[in-house]
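# Examining the three-dimensional arrangement
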Amino acid sequence: MGVSGHVGRRAVTARPMGSVTLMQFNMGRSGTVFGLLRKPPAGATARAYPNGSVFNDGHGLVTIRMKPDAQGRFGFNVKTCSFQGGADQGMPIIVSRVAPQTPADLCIPRLNEGDQVLYINGRDVSQHTHEQVVMFIRSSRETHSGELVLVVRPNVYIGEDTPEEPDFQYIPDTHHSTLPPGGDPLSGSMLLLQEGLESGTLLAQFEQLYRKKPGMTMNSARLTENLSKNRYKDISPYDTTRVKIKSSGGDYINANFVNMEIPGSGIVNRYIAAQGPLPNTCADFWHMIWEQQCTVVVMLTTKVERGRVKCHQYWPDLYETADFGRLQLTCLKEQLTSSFAFREFTLVSMEHGSEERHIRQMQYISWPDHGVPDDSSDFLHFVMRVRQNRIGMVEPTTVHCSAGIGRTGVLITMETAMCLMEANQPVYPLDIVRQMRDQRAMLIQTASQFKFVCDAILRVHNGEWATNWRRCLIT
């Protein structure tokens, strides 16, 4: 039996279909629009967003509404995505680009690169060609309201920020032959970095650097039983460096070991680069923390950005306890600022005689929803705090953002560069990126992220942070 009501001036009819409800919106002269709403699991609550409710299980479809700008443009592109080749018709329709400051960029929730378009103004587009889909989008401008209503499955692909491998791949060498004569190697490398940024050649070389190391496989991530454990379908861990967990549900988690050696110092900074946990992978995440004896977790995203779930809350609220399989996690302390959040937990293993460990989570919350920070000050302060908590540590530090590649790569690159400077070693950011990508694909996702961290490296070397960051030398 259906349920009828009104939302604003729009008549609404809901028809339950098992775990999914078909919502019919009668929108006056503009016609009827259908949307799908996932039924929340027992105990789940709905979060209110400007265009409706999204249940916090992290798997719901999202309805997005926008009107064209004065030039009649919505500001996004779509493409068909064939998993196994074949014809255009019937292939998934993926949002490939969202232009900044356009209706698609400014609507809330924002339309994101990588979203799969399922319905356009109530029309199922799963069996239509790319040309037909584009026609449906354009024709929405001719309706009385001019509104485009999309039902999308969010975050199916990471989007155009991770394009296919370039035809020409740049592989950095040691650069020793290009250092200016005389002077120390560190100063020479900083001079090369400055010149490379000013000329644009460094960013061009970054764009040509391989995103996935040739010959590395990702077969475990593509096993049927592991597909639901990946936040994005095109972000997978290498088989050879992936973290394996001991779980009745299998040993897979979307995470890689990343080890960064600092020549001349005897230091190897050990990381686990991971995706942000999903609702169904939180227990796996904490079992990984326990098994790898991690005591510091670095989080580089908020839970929701522009109405989109980027990471599930995988920890309990302050003074509360949550069970994750054979582990119990209690939040003891929480300190919030405008830029950071610091939390302390106890993690207890019920199968190891109630053995207890102390875990510190450090969250950077001031990274903007789109692009990179305008100023690196907050970020550098945060990296310093992370380093202070890693002094003397030999266990890996777990670092994650949403996909576990973009901001995660920025932080690892920044700390590696600081350690190189402390050891009076030359710093070549392209070498660092290559070394990271040999262990997890696509670390540092965009050219803007790469430029941001390069500018921050120069800022540190030029002395603004010299009185503070040198105190954080890890021995």
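Above: the structure in question.
Right, let's walk through the structure included here. (Residues numbered from 1 in each chain as written. Predicted model: local features only at pLDDT ≥ 70, side-chain atom pairs only at ≥ 80, totals over all residues. Heavy atoms only, no water.)

The next subject is the overall build of the protein. When helices and strands are tallied, the protein shows 10 helices and 23 strands. Looking at the protein as a whole, 51% of its 475 residues are labelled buried. Look at the contacts in the protein between residues 6 or more apart in sequence, and 63% of them connect residues 24 or more apart. Total accessible area on the protein is roughly 21,600 Å²; 50% of this is exposed by carbon and sulfur atoms. (Helix = DSSP H or I, 4+ residues; strand = E, 2+ residues; numbered from the N terminus. Buried < 20%, exposed > 50% of the residue type's maximum accessible area, 1.4 Å probe, protein only. Contact = heavy atoms within 4.5 Å. Areas by Shrake-Rupley, 256 points an atom, 1.4 Å probe, with all protein chains shown as cover.)

Moving on, we come to empty space enclosed by the protein. Inspection of every chain in the model, using the stated rule, returns three cavities of 30 Å³ or more. Estimates place the volume of the largest cavity at around 50 Å³. In terms of lining residues, the largest cavity is bounded by Lys229, Ile253, Asn254, Ala274, Gln275, Gly276, Pro277, Thr281 and Phe285. Residues that form the lining of the largest cavity fall into these classes: four nonpolar, four polar and one charged. (1 Å grid on protein atoms, 1.4 Å probe; cavity = no way out; pocket = protein on both sides within 12 Å on 5 of 7 lines; lining within 4 Å. Points joined across faces, edges and corners; volume = space filled by probe spheres on them. Nonpolar A, V, L, I, M, F, W, Y, C, P; charged D, E, K, R; others polar.)

The amide bond that connects Ile108 to the next residue, Pro109, takes the cis arrangement and shows omega of -5 degrees. Relative to the elements of secondary structure, Pro109 occurs in the loop between helix 1 (103–106) and strand 10 (116–120). Unlike most non-glycine residues, Ile444 shows phi in positive territory, near 65 degrees.

Residues of strand 23 (residues 397–400) alternate between two faces, with Thr397 and Val399 on one and Thr398 and His400 on the opposite face, all of them buried. Where strand 15 (residues 267–274) meets strand 23, four bridges bridge the pair, whose relative direction is parallel. Opposite Tyr271, over in strand 23, you have Thr397 as the bridge partner. The pairing of strand 16 (residues 296–299) with strand 23 spans three bridges and is parallel. Looking across to strand 23, one finds that Val298 is bridged to Val399. (Pairing = 2+ DSSP bridges.)

A few words on the sheet that holds strand 20 (residues 327–336). If you walk across this open sheet you meet the nine strands as 13-14-15-23-16-22-21-20-19, and the pairing is mixed. In the strand order of this sheet, the two ends are held by strand 13 (242–244) and strand 19 (321–324), each with one partner. Sheet twist, expressed as the mean angle between neighbouring strand axes with direction ignored, is 30 degrees. (Axes fitted to C-alpha atoms, helices over the stretch in contact; angles between N-to-C directions.)

Here the focus is helix 7 (residues 406–422). Its 17 residues give helix 7 an end-to-end C-alpha distance of 25 Å, which sits within 8% of 24 Å, the value for a rise of 1.5 Å per residue. Most of helix 7 is tucked away, with 17 of its 17 residues classed as buried. Two residues or fewer past helix 7, Asn424 is found with a positive phi of approximately 60 degrees. (Expected span 1.5 Å × (residues − 1).)

One pass over the structure, following the stated rule, counts 16 aromatic pairs. Here the aromatic rings of Phe285 and Trp286 are separated by 5.6 Å at their centres, their planes lie at 85 degrees, and the arrangement is edge-to-face. The class of Phe285 is buried, set by a relative accessible area of 2%. On the basis of relative accessibility, which here comes to 1%, the residue Trp286 falls in the buried class. (Phe/Tyr/Trp six-rings, centres within 6.5 Å; stacked < 30°, edge-to-face > 60°.)

Listed in full, the buried residues belonging to helix 2 (residues 130–139) are Val133, Phe136 and Ile137. End-on, the buried residues of helix 2 take up no more than an arc of 100 degrees, which puts them together on one face. Opposite the buried face of helix 2, at more than 90 degrees from it, the exposed residues are Glu131 and Arg138. Where helix 2 is buried, its residues touch strand 8 (76–80), strand 9 (93–98), strand 10, strand 11 (123–124) and strand 12 (148–153). (Arc of directions from axis to C-beta.)

It is worth spelling out the nonpolar core at this point. Grouped together as the largest cluster of nonpolar side chains are 54 residues, with contacts concentrated most on Phe379, Phe382, Met414 and Val427. Here this core takes nine residues from helix 7, the largest share from any one element. The contact partners of Met414, leaving out residues within four places of it in the chain, are Phe379, Leu380, Val383, Val453, Ala456, Ile457 and Val460. (Core = buried A, V, L, I, M, F, W, Y, C linked by side-chain atoms within 4.5 Å.)

We now examine the side chain of Arg211. You can see Arg211 is positioned in the loop between helix 4 (201–208) and strand 13. Arg211 sits in the buried class, given a relative accessible area of 9%. Within polar-contact distance, the side chain of Arg211 engages the backbone oxygen of Glu207 at 3.1 Å. (Polar contact = N/O pair within 3.5 Å; in protein donor to acceptor, adjacent residues only side chain to side chain.)

Time to look at the packing of helix 4 against helix 8 (residues 429–437). Contact pair helix 4 / helix 8: the axes reach a minimum separation of 11 Å and the direction vectors enclose 15 degrees. It follows from the interaxial angle that helix 4 and helix 8 lie roughly parallel. Crossing of helix 4 against helix 8: the hand is right-handed. Contacts from Leu202, Gln205 and Phe206 of helix 4 reach helix 8 at Leu430, Val433 and Arg437. (Parallel < 35°, antiparallel > 145°, perpendicular 65-115°, else oblique. Left-handed = near helix turned anticlockwise from the far one by under 90°.)

Moving on to the pattern of salt bridges. For the structure shown, the criterion picks out 19 salt bridges. For Arg73, the salt bridge goes to Asp69, with nearest N and O atoms at 3.7 Å. With a relative accessible area of 49%, Arg73 lands in the partly exposed category. Salt-bridge contacts for Glu351 lead to Arg326; the nearest nitrogen and oxygen are separated by 2.8 Å. Linking Glu351 in the loop between strand 21 (340–349) and strand 22 (355–364) with Arg326 in the loop between strand 19 and strand 20, this pair joins segments that are 25 residues apart in sequence. (Salt bridge = Lys/Arg side-chain N within 4 Å of Asp/Glu carboxyl O.)

So, on to the pairing of strand 22. Every other side chain in a regular strand lies on the same face of the sheet, so the side chains alternate between the two faces. Note: strand 16 against strand 22, four bridges, orientation parallel. Bridging across to strand 22, Val296 finds its partner in Arg360. In the sheet, strand 21 pairs with strand 22 via 10 bridges, with the strands oriented antiparallel. Bridge pairing in strand 22 places Ala341 opposite Gln363. Once strand 21 ends, the chain turns through five residues before running back antiparallel as strand 22, passing Gly353 with a positive phi of about 65 degrees.

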